[in-house]
Amino acid sequence: MQALKIVLIVLLIVICVALTVIILFQEGKQNGLGSLSGQQFDSYWSRNKGRSKEGLLVKLTSVCVILFFILSAVLNIGRFN
């Protein structure tokens with residue numbers, strides 16, 4: 001049981017580092033001063049962001065966050081008894 005806990009802790013640390021790196025690779029979400037006046041730019045890039053590198057990073061972020069929460073919950077089961 002102790003070996004499983006150590007493996008899960010190491011996996012949690014790897015996921016935390018990966019999550020940090022993935023978040024730092026993402027671009028900012030600001031649109032500059034155009035967003036203040038309500039202008040929206042409907043370009044090819046904005047319509048196909050899901051298939052780009054940025055879209056992949058967003059999906060990886062979601063997966064890492066879900067794994068982080070699951071592993072954190074599993075590691076804390078039974079701690080408060």
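Residues numbered from 1 in each chain as written. Predicted model: local features only at pLDDT ≥ 70, side-chain atom pairs only at ≥ 80, totals over all residues. Heavy atoms only, no water.

Trainee: For the environment of L56, give the residues involved together with the corresponding values.
Mentor: Structurally, the position occupied by L56 is in helix α3 (residues 53-76). With relative accessibility at 48%, the residue L56 sits in the partly exposed group. In sequence terms L56 and I22 are 34 residues apart; their C-alpha atoms lie 9.9 Å from each other. (Helix = DSSP H or I, 4+ residues; strand = E, 2+ residues; numbered from the N terminus. Buried < 20%, exposed > 50% of the residue type's maximum accessible area, 1.4 Å probe, protein only.)

Trainee: Let's hear about α3: which residues, and what values?
Mentor: Its 24 residues give α3 an end-to-end C-alpha distance of 34 Å, which sits within 8% of 34 Å, the value for a rise of 1.5 Å per residue. Turning to α3, its buried residues number three or more, namely E54, G55, L57, T61, C64, L71, S72 and L75. Among the structural elements, α1 (2-25) are those in contact with the buried residues of α3. Once α3 finishes, G78 follows within two positions and takes phi at roughly 85 degrees, a positive value. (Expected span 1.5 Å × (residues − 1). Contact = heavy atoms within 4.5 Å.)

Trainee: With reference to specific residues and values, describe the state of the cysteines.
Mentor: All chains considered together, the criterion is met by zero disulfides. With no disulfide of its own, C16 has C64 as its nearest cysteine by sulfur position, at a separation of 9.4 Å. (Disulfide = S-S within 2.5 Å.)

Trainee: Quick rundown of the packing of aromatic side chains? Include the residues and the values.
Mentor: Enumeration according to the criterion identifies one aromatic pair in this entry. Ring plane angle 65 degrees and centroid distance 5.7 Å describe the contact between F68 and F69, whose orientation is recorded as edge-to-face. Using a relative accessible area of 27% as the deciding quantity, one classes F68 as partly exposed. (Phe/Tyr/Trp six-rings, centres within 6.5 Å; stacked < 30°, edge-to-face > 60°.)

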